[in-house]
Every structure is written in structure tokens, then in C-alpha cells.
Number of protein chains: 2
Amino acid sequence: MSEIKRVLIVGGTHGNELIGVYTNRRFEQNPDLIRRPHLEVLTLFGNPQAIAANTRYIDEDLNRCFAAPIAEPSTHLNYEMQRVAAIRNEFGPSGRTPVDFIIDQHGTTSNAGLMLILDQLDAFTLNLAAYLSTLQPEIKVYSSTNSGRKQDSLRSIAPYRIGIEVGPVAHGTLHAELFQNNQALIYAILDYLEQYNCDNGTVHQSALTLYQYVGKVDYPKDETGAVLAMIHPHLQFKDYQPLNPGDPMLLTFDGETIAYQGDSTVYPVFINEAAYYEKGIAMCLTQKQHIHLDAPLP
Amino acid sequence: MSEIKRVLIVGGTHGNELIGVYTNRRFEQNPDLIRRPHLEVLTLFGNPQAIAANTRYIDEDLNRCFAAPIAEPSTHLNYEMQRVAAIRNEFGPSGRTPVDFIIDQHGTTSNAGLMLILDQLDAFTLNLAAYLSTLQPEIKVYSSTNSGRKQDSLRSIAPYRIGIEVGPVAHGTLHAELFQNNQALIYAILDYLEQYNCDNGTVHQSALTLYQYVGKVDYPKDETGAVLAMIHPHLQFKDYQPLNPGDPMLLTFDGETIAYQGDSTVYPVFINEAAYYEKGIAMCLTQKQHIHLDAPLP
């Protein structure tokens, strides 16, 4: 693998996830914070109009738009598709300043804590995630590689990337502790990439705990799309904790418990994420995997 | 005081405060839940377009619009002012079905727990709040009477009313435990009003703890309106807890603490409420008062 030369730190891919927005503002006002001798580090506000409106998106979710065919910027496109064209033309593989690595910052109303999202399980990405986990053991590592989701995220334009989720934080709010943890994590990623360029490979990590996507659960809904149940109180904020067959999962408004019907233990994440109500996701289910990085990769 | 004959339960005054929205849907589908022999109980969705859009409001905050001069419904008004006219014409003092009491349901990202908002401190309202506090001792009672705010809320059209705030809950989400607590509180209010009509006065309560508004704190902001600090980690979710002069209150993005500069202990509420960023409120400050209901009212 070649050097990681150019890194893009993205905030505000979703306009109401304020921690990334304010982190990027801080970096732009204090560029020394993200300057590293062997890296070129850039920043980007993903969705400026949504940031100004303090909303997730204007016309459609920017972070689901990048699988669309390439188009030139045009005022006939909706706002997010104009952003897709502009971002690709600037930072994409054929753009003016193609980037090698994207750090994409997100916030969630679920109890994510400090969470890494991996879109690919190559040795480089796994080693980076394992390294960050040794620095901050409370980090959880989530893999979306089995989700069936297309490469439709903003960060998918870079050959290597990582998503950061911090939570629980209500959209449209800041949270000081999560702000500081998110910032420290970005510094750790930059330091790792810097070291990688100097050493052509940093200290090899041996193991990693990975929460691998295996499915999702939607709320039951009526014909109008209104949900008919809520996250069960026993499960609220219990991200990454085991959910066993028969455990309470949802609660109807009448107070009836809906149990988890699967046939094996799973570890839910994104429990009660606000933005996922409209996507039909009450939670994502994962399997907890202990990966030995010497072994063949999954 | 005359009877409380007609009660209006309002949900969705703010369209993304889902607990009140879904509570009202449940009541409309199961009217027996709110039927009481000596009351006429109605329900209202305050801001239907904002509910459909899952946002606080469309053009302006409906719950700040009711001090405007009376106007006939007109398509020249913005959406919320059309709602003001329609709601007044239906439920206001000169409306078709004037209501005696309004229960207005809200949710907040602050750690409100189960909170009553009193707009007036008459003996009837105080006795009701004290009664509810004896039923559910975790209830907090907040008085906005000193806030200088005009009678601009939806519920101000009724001679008697109470606001309910539950939290912390992210806007656009449900929260099962708070949903159930909110619902139980509405039943308790209806039961109290029912009993009041039968007894012409229920058992007199002796005392009440009141959190009386005494001021507010805004975030420091730059010329663009961007905040320059966050709620300090020591204060996040610490609603109703004492804040003493010199205690940490805010934290800048550089990590500098901004201390509380007042000269007496206060009890902050609405700490880090998402919808208050644009209103210039990082938190409201209150004084904790023990009120003896036999004594002259404040």
C-alpha cells in the first residue's frame, strides 16, 4: 500500500450533528491543531446549507447519495446532488485534489459512546482500528460491510476512510465530553497516519473486537407510517450489550412487550437513532467478533 | 372559582416532540382512556404541518405566537399564525368551544425528568401542582411567572393550564419510560379535575417546592451567531441541582472553563435544550422555593 498523503476531515455531512461541525470550525481557525509534517490535512463541511438550517439535509440524505452516476454540477440537481458533484470534482479519485483518507464525523442519539465505523476490513483499516482501541479502550468498532448498503456515503470517494459516531447526543446540540473525545480521536488517527508514513507501517496490532452488522429491526408501523411501538425501557441506551432471544425489545403504546425473536444472541447498535425512524431502522443488530489480525481477514 | 368543565389536551405544539404527539394519537384511538364523568376532555394536535415534517415549527415557533393581535384566518398569514387564528376561534375564550383548562405536552433534551410548568401561581394551580407532587415525588415544578415572557403560549388561551415537560429525550424520538410517565401524569391531572368538580375543591395541600425563574444564560457567540462554548461536563444533565458562584458552567472549545458569576446559588433548568440555541438560552436559572400553601401566595 502506498502512502497516505492527503487526509480530509469532514464535519456536517449531516447538518444538525453539531460536534463535527464545531470541531471543523475549530480546526479551520487553528490549523496547527491538525498540521502533521508528512500529511496534507484538509477540512470540509459536507452540507453547508443543512448546517445553516440546523437540519440533517435539505432535499435528501447526502450520505446516501454517492452511489449515483457521476454528473456535472447543475442547478437542475437538488441541493445534495449538487454537493455530490462538487465534492467529487474536488476530492474524488479524478478530482482536483484527490484524497487518500477521509475521517467523517457523525453524532447519534443512540448510546454509541465513541464508535468507529469501518466500511472495509482490509489489513490497514483493521490495524488502525485496533491501534485506536488500545489507546482508548472504550472505543467500539462497528463494521457495516455486510449491510448490503451501496458505497453511497460521502467518505466512499476515498480509498481509505473511517466514520466516527459519538453519542448519545441530541441532534442540534453540543456535548462537551463527546466533543473532546471526538477531537482526541481525530488527533490519534492523524498521529497514526503520520507515523505510518514515516515507518511505512506502524506497530502491528494483534487483535480487535468488531461488531459486525447482521441485520436491522424496524418499528411496527401503521398504514400512515406512524410507529406502533417504542424501544423497550430495558433496551434504551443499551447499545453493544447482548440481546438474547426472548429479551424485551420494543414496547407498544398499550404497554405490551415485543420480544426479540431471533435464534441467537446479538448486540444492537444505533438503538433509537432519531434520523433512522424515517429509514425504517429501530436498531441495527450486530455479532460481536474477536478478530486475530494475524489470521486471514474475514 | 367555577367548575373546570372542558379540558383540552394538546400534543405537537412543537412538531418534533413526539411523546405528546403519540400520546394524543393514543387518546384519539382510545377515547375511554381520557373519559371522565364530570369533564369534557378534548384533544388537539397543535402544529399538524410541523408534526408531518418532524420539525419544531414551519415558519415560527407556534408557542410564541399567541400574544399577537386577534386576526381572522387568512392565507396571507404564515402557517403558525393561521394555526393561532384557528385554535383561538375554536378553543379561545370567544371561540366555539372555549376550554377551561389546557394540558400542553412538551419534550426537552435537558434532563427535565417529569416537570410541570406553571404560568400563574393562583391557589388552584398551586394546589394541583402540590397534589401531583405528592403522587409522584420525582416531579419538579417550575414557575415561569417572573420570566417577562408575554402570554404568548398556546395554552395561554385558557384561564387555567399546565405545561408538561419530559426529558431528556432527543427531538424526533420516543422514549418509553418518559412516555409512560407523561401519560400517567395526564391521568392524574384529569382525575384531580374530575374530583374537583365533584367536591368543589379537593384535599388541600400544605406545601410545594417551586423552581422560580430568575434569569437565563446564553452561550457566548461570535458575530455569525455560532456558539463559542458548550455546557460544561460538570453541569450537563444536572438540571435542578445547585449551581454556586464560581462553579463550572460552560466550556470553550479550547477547553477553558467559564464559571458561574452570580452572587448566590441558583438551580439551572433547560440545560442544553436543543431548541433554545436559537433563542439565546443555554439554560434558565431558578431559585428553589418552599411554598406553604396556607401562607399568602407569592
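(A) Looking closely at the domain arrangement of chain A. Residue and element names in this part refer to chain A. By the assigned domains, chain A splits into domain 1 (6-209) and domain 2 (214-286). For domain 1 and domain 2, the distance between their C-alpha centroids amounts to 27 Å. Taken together, the contact between domain 1 and domain 2 spans 17 residues of the former and 15 residues of the latter. Here domain 1 and domain 2 share an interface that buries about 1,300 Å² over both sides, 55% of which is from carbon and sulfur atoms. For the interface between domain 1 and domain 2, the tally reads one salt bridge. With its nearest N and O atoms 2.8 Å apart, the salt bridge here joins Lys279 to Asp61. Summed over the shared surface of domain 1 and domain 2, the number is ten residue pairs in polar contact (both at pLDDT 80 or more). Mapped onto the side of domain 1 that touches domain 2, the elements with two or more residues apiece are β4 (113-118) and β5 (140-143). Its residues placed into classes, the side of domain 1 that touches domain 2 shows six nonpolar, six polar and five charged.

(B) Structural context of unusual backbone geometry. Residue and element names in this part refer to chain A. In this structure, Pro168 follows Gly167 across a cis peptide bond, with omega equal to 5°. If you trace the backbone, Pro168 turns up in the loop between β6 (160-167) and α5 (176-199). Unlike most non-glycine residues, Tyr240 shows phi in positive territory, near 70°. Positionally, Tyr240 belongs in the loop between β8 (229-231) and β9 (248-252). Classification of Tyr240 by relative accessible area gives buried; the value is 8%.

(C) Layout of helix α1 (residues 18-29) of chain B. Residue and element names in this part refer to chain B. Over its twelve residues, α1 runs 16 Å from end to end, which matches the ideal 16 Å to within 8%, given 1.5 Å per residue. Of all twelve residues making up α1, nine are buried, and the element is well covered by its neighbours. For α1, the set of buried residues is Leu18, Ile19, Gly20, Val21, Tyr22, Thr23, Asn24, Arg26 and Phe27. Structurally, α1 contributes buried residues whose contacts are with β1 (6-11), β2 (40-45), α2 (48-53), β3 (101-107), β6 (160-167) and α5 (176-199).

(D) Highlighting the packing of helix α1 (residues 18-29) of chain A against α5(A). Residues and elements named next belong to chain A. Two numbers describe how α1 lies on α5: the axes approach to 10 Å, and their chain directions differ by 55°. The angle between α1 and α5 falls in the class oblique. Crossing of α1 against α5: the hand is right-handed. Counting all contacts with α1, which are made through Ile19, Tyr22, Thr23, Arg26 and Phe27, the residues of α5 involved are Leu178, Phe179, Asn182, Gln183, Ile186 and Tyr187. Taken together, the residues that form the contact of α1 with α5 break down as seven nonpolar, three polar and one charged.

(E) Structural view of the sheet that holds strand β11 (residues 267-269) of chain B. Residue and element names in this part refer to chain B. One open sheet holds the nine strands; their spatial order is β2-β1-β3-β6-β4-β5-β7-β12-β11, and the pairing between them is mixed. Looking at which strands have only one partner, the edges of the open sheet turn out to be β2 and β11. The mean inter-strand angle of the sheet, taken between neighbouring strand axes irrespective of direction, is 30°. Judged from the four bridges that link them, β1 and β3 form a sheet pairing that is parallel. For Val7, the partnering residue across the bridge sits in β3 and is Phe101. Seen against the sheet, α1 touches β1, β2, β3 and β6 and runs at an angle of roughly 135° to β2. Sitting on the sheet, α5 touches β1, β2, β3, β4 (113-118) and β6, and the angle it makes with β6 is about 160°.

(F) Representation of the interface of chain B and chain A within the structure. On the chain A side, the residues contacting the 31 residues of chain B number 31 residues. Here chain B packs against chain A, burying approximately 2,300 Å² in sum over the two surfaces, 65% of which is carbon and sulfur. Looking at the side of chain B facing chain A, the largest losses of area belong to Leu174(B), Met230(B) and Phe253(B), adding up to 22% of the total buried there. Here chain B and chain A share two salt bridges between them.

(G) A look at the state of the cysteines. This model, assessed by the stated rule, comprises zero disulfides over all chains. Distance from the sulfur of Cys65(A), which forms no disulfide, to the nearest cysteine sulfur (Cys284(A)) is 19 Å.

(H) Spotlight on the packing of aromatic side chains. Residue and element names in this part refer to chain B. Tallying each qualifying case throughout the model produces 26 aromatic pairs over all chains. For the ring pair Phe101 and Phe124, a centre distance of 6.5 Å and an interplane angle of 80° mean the geometry is edge-to-face. Taken together, the residues span a long stretch of sequence, with Phe101 in strand β3 and Phe124 in helix α4 (residues 123-135) at a distance of 23 residues. The exposure class assigned to Phe101 is buried, which follows from its relative accessible area of 1%. With 5.2 Å between their ring centres and 75° between their planes, Phe124 and Tyr160 make a pair best called edge-to-face. With Phe124 in helix α4 and Tyr160 in strand β6, this residue pair connects regions lying 36 residues apart in the sequence. Across this residue pair, the class does not change: Phe124 and Tyr160 are buried.

(I) Examining the pairing of β4(B) more closely. Residues and elements named next belong to chain B. β4 sits mainly inside the fold: five of its six residues count as buried. By the bridge criterion, five bridges tie β4 to β6 in an arrangement that is antiparallel. Looking at the pairing, Leu114 lines up with Val166 of β6. Sheet analysis places β4 next to strand β5 (residues 140-143), joined by four bridges and oriented parallel. The residue of β5 that forms the bridge with Leu116 is Val141. Handedness of the crossover joining β4 and β5 through α4 is recorded here as right-handed.

(J) Examining the relation of the copies chain B and chain A more closely. Superposition record for chain B on chain A: RMSD 0.0 Å, screw rotation 180°, translation along axis 0.0 Å. In symmetry terms, the pair is related by a two-fold rotation axis. Among all residues of chain B, the minimum C-alpha distance to the rotation axis is found for Ala170(B), at 2.4 Å.

(K) Structural view of the nonpolar core. With 69 residues, the main nonpolar core has Met283(A), Phe101(B) and Ile103(B) as its most contacted residues. Here this core gets twelve residues from one element, more than from any other, and that element is α5(B). Residue contacts for Ile103(B): discarding those within four places in its chain leaves Val7(B), Leu8(B), Ile9(B), Val10(B), Ile162(B), Ile164(B), Ile186(B), Ile189(B) and Leu190(B).

Analysis parameters
Residues numbered from 1 in each chain as written. Chains lettered and ligands numbered in written order. Predicted model: local features only at pLDDT ≥ 70, side-chain atom pairs only at ≥ 80, totals over all residues. Heavy atoms only, no water. Domains from an automatic or database assignment. Contact = heavy atoms within 4.5 Å. Buried area = accessible area lost by both parts, 1.4 Å probe. Salt bridge = Lys/Arg side-chain N within 4 Å of Asp/Glu carboxyl O. Polar contact = N/O pair within 3.5 Å; in protein donor to acceptor, adjacent residues only side chain to side chain. Helix = DSSP H or I, 4+ residues; strand = E, 2+ residues; numbered from the N terminus. Nonpolar A, V, L, I, M, F, W, Y, C, P; charged D, E, K, R; others polar. Buried < 20%, exposed > 50% of the residue type's maximum accessible area, 1.4 Å probe, protein only. Expected span 1.5 Å × (residues − 1). Axes fitted to C-alpha atoms, helices over the stretch in contact; angles between N-to-C directions. Parallel < 35°, antiparallel > 145°, perpendicular 65-115°, else oblique. Left-handed = near helix turned anticlockwise from the far one by under 90°. Pairing = 2+ DSSP bridges. Disulfide = S-S within 2.5 Å. Phe/Tyr/Trp six-rings, centres within 6.5 Å; stacked < 30°, edge-to-face > 60°. Right-handed = clockwise from strand over helix to strand, strands pointing away. Least-squares fit on C-alpha atoms with pLDDT ≥ 70 in both. Core = buried A, V, L, I, M, F, W, Y, C linked by side-chain atoms within 4.5 Å.

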